[in-house]
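# Structure assessment
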Amino acid sequence: MSLLTVVQSAARRLGIAVPTSVAGSSDVQALQLMEFVTEEGQDLTDRYPWARLQTEATFVTVASTLQGAMTTLASSNFQYLLNDTIWNRSKRRPIYGGLSPEEWQRFQASPVTGPIEQFRIRGGNLYFTPIPTAGETCAFEYLSGNWCESNLGVGHDACTADTDVFRLPERLILLGVIWRWKRSKGLAYAEDFRLYETEVANAQGRDAGKPRLSLDGSPTDRLPGIVVPQGNWNL
């Protein structure tokens, strides 16, 4: 579904005039529905790290605590860092963090620097302590804010054309537009909101596949060791 088809579907369900165009339209109703599409897309992006929006960035260290702006190291669509994903690939070890302001200031005041690199994000910038060796390759994963894209695959954080499509589940966009429109008009929307929240929870549960959880520790079938295949053997 595109921006236009989602708005048209929402209009039919709401019993209002179905627009023939949305972006650039002078129809106040169509423009309002478009705003609800944008609000829904941004809210869904903020509330859950959808696999479709996860991406990777790599950078080369400089001999300074300041490594650069996150929007430069990653991209302008950087939303937030995914925890425990910063690794120094040259040294093959993790960069621990993020440090709290208190921890960071304690490390800066300490005359002793340890061998373990740690990071802090402050003011949208990435900092390392102790100062790393220049030229080492590091990588991390982050969530992109580009929840929609053009028909040519160019990502956006808001729809700008009728032909724009979604990187998030389209049904959630549609259901979100419906309850938001009803709320704005002072109409009953509790049931629509309940259905929407149920579908969001279902989509999150299915997103990207989930690991098998064990109450007695890590799964033993992933640990190194001798593998004995099932079957019969001659003794």
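Residues numbered from 1 in each chain as written. Predicted model: local features only at pLDDT ≥ 70, side-chain atom pairs only at ≥ 80, totals over all residues. Heavy atoms only, no water.

### Brief notes about the overall build of the protein
Just so we agree on the cut-off: Helix numbering and strand numbering both begin at the N terminus, where a helix is a DSSP run of H or I of at least 4 residues and a strand a DSSP run of E of at least 2. Each radius of gyration reported is based on C-alpha atoms, and the globular scaling rule is 2.2 Å times the count of residues to the power 0.38. Under the scheme applied here, a residue whose accessible area is under 20% of the maximum for its type counts as buried, over 50% as exposed, and between as partly exposed, the area being computed with a 1.4 Å probe on protein chains only. Here the Shrake-Rupley method, with its probe set to 1.4 Å, supplies the accessible areas, and only the displayed protein chains count as covering residues.
Helix and strand counts for the protein come out as six helices and eleven strands. Relative to the 2.2 N^0.38 estimate, which gives 18 Å for 235 residues, the radius of gyration of the protein is 24 Å and therefore markedly larger than a compact globule would have. C-alpha extents for the protein along the principal axes are approximately 65 × 65 × 35 Å. Relative to its 235 residues, the protein shows a buried fraction of 38%. Counting only carbon and sulfur atoms, one obtains 52% of the accessible surface of the protein, whose full area is about 13800 Å².

### Overview of the nonpolar core
Formally: Residues enter a nonpolar core if they are buried and are Ala, Val, Leu, Ile, Met, Phe, Trp, Tyr or Cys, with the set joined through side-chain atoms within 4.5 Å.
Counting residues in each nonpolar core, the largest one holds 34 residues, and the members touching the most others are Leu-33, Val-37, Leu-44, Trp-50, Trp-147 and Phe-166. Take this core: its biggest share by element is eight residues, from helix H5 (residues 170-184). Ile-86, Ile-95, Phe-140 and Tyr-142 belong to the second largest nonpolar core, which has 15 residues in total.

### Notes on the environment of Arg-13
Basically, it comes down to this: Working rule for contacts: check all heavy atoms of both residues, and any pair within 4.5 Å makes them a contact.
Relative to the helices and strands, Arg-13 resides in helix H1 (residues 3-14). Other than its neighbours up to four places away in sequence, Arg-13 contacts Leu-174, Leu-175 and Ile-178.

### Quick word on the packing of H5 against helix H6 (residues 190-206)
We count it as follows: Only the stretch in contact is used when fitting a helix axis, every axis being a line fitted to C-alpha atoms; angles between N-to-C directions are given from 0 to 180 degrees. Orientation labels follow simple angle bins: below 35 degrees gives roughly parallel, above 145 gives roughly antiparallel, 65 to 115 gives roughly perpendicular, and whatever is left gives oblique. Handedness of a crossing follows from how the near helix is turned relative to the far one, being left-handed for an anticlockwise turn of less than a right angle and right-handed for a clockwise one. Lys, Arg, Asp and Glu make up the charged group, whereas Ala, Val, Leu, Ile, Met, Phe, Trp, Tyr, Cys and Pro make up the nonpolar group; the residues left over, Gly among them, are polar.
Two elements in contact, H5 and H6, have axes whose closest approach is 9 Å; the angle formed by their N-to-C orientations is 155°. Compared by their axis directions, H5 and H6 come out roughly antiparallel. Like other packed secondary-structure pairs, H5 and H6 cross with a definite hand, here left-handed. For the pair H5 and H6, the contacting residues are Arg-171, Leu-172, Leu-175, Gly-176, Ile-178, Trp-179, Arg-180 and Lys-182 in the first and Asp-192, Phe-193, Leu-195, Tyr-196, Glu-199, Val-200 and Ala-203 in the second. A per-class count over the contact of H5 with H6 returns nine nonpolar, one polar and five charged.

### Focus: the state of the cysteines
In plain terms, the rule: Sulfur atoms of two cysteines make up a disulfide when they are within 2.5 Å.
All told, the structure shown has zero disulfides when counted by the stated rule. The thiol of Cys-148 is not disulfide-bonded; the next cysteine sulfur, from Cys-159, is found 3.9 Å away.

### Overview of the pattern of salt bridges
In plain terms, the rule: One speaks of a salt bridge when a side-chain nitrogen belonging to Lys or Arg is within 4 Å of a carboxyl oxygen belonging to Asp or Glu.
One pass over the full model with this rule turns up 13 salt bridges. Between Glu-149 and Arg-52 there is a salt bridge, with the nearest N and O atoms lying 3.9 Å from each other. Residue Glu-149 is located in strand S9 (residues 148-149), and its partner Arg-52 is located in the loop between helix H2 (28-47) and strand S1 (54-60); the two are separated by 97 residues in the primary sequence. Classification of Glu-149 as buried rests on a relative accessible area of 15%. One connected set of salt bridges, linked through shared partners, spans Glu-39, Glu-40, Asp-43, Arg-180 and Arg-183.

### What about H5?
As a reminder of what qualifies: Expected span, for any helix, means 1.5 Å times one less than how many residues it has.
In a regular helix each residue adds 1.5 Å, so 15 residues correspond to 21 Å; H5 covers 21 Å between its end C-alpha atoms and thus fits that length. Within H5 the residues assigned to the buried category are Leu-172, Ile-173, Leu-174, Leu-175, Gly-176, Val-177, Ile-178, Trp-179, Arg-180 and Trp-181. Elements in contact with the buried residues of H5: H1, H2, strand S11 (165-166) and H6. Phi for Gly-186, located one or two positions after H5, is positive at around 75°.

### Regarding the sheet that holds S11
Rule in force here: We treat two strands as partners when DSSP finds at least two bridges between them.
The antiparallel open sheet is built from three strands, whose spatial order is S10-S9-S11. A strand with exactly one partner marks an edge of an open sheet, and here the two such strands are strand S10 (155-156) and S11.

### Considering the side chain of Asp-162
Tracing the backbone shows Asp-162 in the loop between S10 and S11. Not counting chain neighbours up to four residues away, the residues in contact with Asp-162 comprise Ser-2, Leu-3, Leu-4, Ser-21, Val-22 and Ala-23.

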